[in-house]
Amino acid sequence: LKNYFHGIVNGDPLLFSHTRCIYMDDAQHGNIIENNIMVGGQEGYNCNGGAAMEFSYNIIADNETAWRFSNQRGYETPIVTTSTYGADNIADLVADIKNKDLFFEHYPKLKEWVETGKNPRLQTNYRGNVLVNNGKEEIYSQEEMFVDFSSTIRTDDKGIFVDPENHDWRIRSDSWVAEQQ
């Protein structure tokens, strides 16, 4: 277990904002988010532009929203999320930078992208996550076209946990979920 988030909510009803247990914004790439428990909050996980991550074996339970994906453009890069700057792809964005040799020196693959106009999508891997009794899932992006959520377990069965009433959200070794993971 890496982190246990419980009751993460915005306490001020006048503020129009969701509070997230874990939030990945533009240019937050390459993170490993695994074995976390997000319980009883407004949003368990929000991906608003982060990419090329591992999001695996997390438990998201009793939240208003399990997870939200809101990258409208649907493509990310290891340097910036192009939607932040209004460019249609990383090649166009980098081509406009005056001193691009600095980028090429640190990121050799960028040179190929600029010269060929290719902008490969860097995908986040979602594996073995368990969603229990959450209000909804929100996908306001093209994420569903690129990501395989098939290994996500969705259930209302809290009997799969050791003792959730006393905040023990570990998956019971004899549960049907443990057999699937």
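Scroll up to find the structure.
This text gives an overview of the structure that appears in the document.

1. What about the overall build of the protein chain?
Looking only at helices and strands, the protein chain has six helices and 14 strands in total. Nonlocal contacts in the protein chain, meaning residues at least 24 apart in sequence, comprise 52% of its contacts between residues at least 6 apart. Of the roughly 9700 Å² that the protein chain leaves accessible, carbon and sulfur atoms contribute 48%.

2. Some words on the pattern of salt bridges
Within the structure shown, the criterion is met by eight salt bridges. A salt bridge links Glu43 to Arg20, with the nearest nitrogen and oxygen atoms 3.3 Å apart. You can see Glu43 sitting in strand E5 (residues 43-47) and its partner Arg20 sitting in strand E2 (residues 20-24), a full 23 residues away along the chain. With a relative accessible area of 0%, Glu43 lands in the buried category. Here Arg154 ties to Glu137 by a salt bridge, and the two come within 2.7 Å at their closest N and O atoms. Of the two residues, Arg154 is situated in strand E12 (residues 153-155) and Glu137 in strand E11 (residues 136-139); the sequence distance between them amounts to 17 residues. Residue class for Arg154 comes out partly exposed when judged on its relative accessible area of 43%. Here the salt bridges share partners, and the residues they tie into one network are Arg20, Glu43 and Arg68.

3. Looking at the packing of aromatic side chains
The tally for this structure, following the rule as stated, stands at five aromatic pairs. Ring centres 5.8 Å apart and planes at 75° place the aromatic pair Trp67 and Tyr126 in the edge-to-face group. Of this pair, Trp67 sits in strand E8 (residues 65-69) while Tyr126 sits in strand E9 (residues 125-127), and the two are 59 residues apart along the sequence. Summarising the aromatic geometry, the rings of Phe161 and Trp169 are spaced 5.0 Å apart at their centres and angled 65° between planes, so their arrangement reads as edge-to-face. Each member of the pair, Phe161 together with Trp169, is buried.

4. Things to note about the nonpolar core
Nonpolar side chains tend to gather and get buried jointly when the protein is soluble and globular. Formed by 17 residues in total, the largest nonpolar core has its most connected members in Met38, Tyr45, Phe55, Ile60, Trp67 and Tyr126. Contact partners of Trp67, with chain neighbours within four places excluded, come to Tyr45, Phe55, Ile60, Tyr126, Asn129, Leu131, Lys136, Glu137, Glu138, Phe149, Thr152 and Arg154. Counting eleven residues, the second largest nonpolar core, distinct from the first, contains Val39, Ile59, Ala61 and Val132.

5. Points about the sheet that holds strand E3 (residues 32-34)
Pairing between the strands of a sheet comes from backbone hydrogen bonds, and it takes one of two forms, parallel or antiparallel. Here we have three strands laid out as an open sheet, ordered E3-E6-E9, and parallel in their pairing. At either end of the open sheet lies a strand with only one pairing partner, and these are E3 and E9. Mean inter-strand twist for the sheet, computed between neighbouring axes without regard to direction, equals 5°. The pairing of strand E6 (residues 54-56) with E9 spans three bridges and is classified as parallel. By the bridge assignment for E9, Phe55 is matched with Tyr126.

Quick notes on the rules
- Residues numbered from 1 in each chain as written.
- Predicted model: local features only at pLDDT ≥ 70, side-chain atom pairs only at ≥ 80, totals over all residues.
- Heavy atoms only, no water.
- Helix = DSSP H or I, 4+ residues; strand = E, 2+ residues; numbered from the N terminus.
- Contact = heavy atoms within 4.5 Å.
- Areas by Shrake-Rupley, 256 points an atom, 1.4 Å probe, with all protein chains shown as cover.
- Salt bridge = Lys/Arg side-chain N within 4 Å of Asp/Glu carboxyl O.
- Buried < 20%, exposed > 50% of the residue type's maximum accessible area, 1.4 Å probe, protein only.
- Phe/Tyr/Trp six-rings, centres within 6.5 Å; stacked < 30°, edge-to-face > 60°.
- Core = buried A, V, L, I, M, F, W, Y, C linked by side-chain atoms within 4.5 Å.
- Pairing = 2+ DSSP bridges.
- Axes fitted to C-alpha atoms, helices over the stretch in contact; angles between N-to-C directions.

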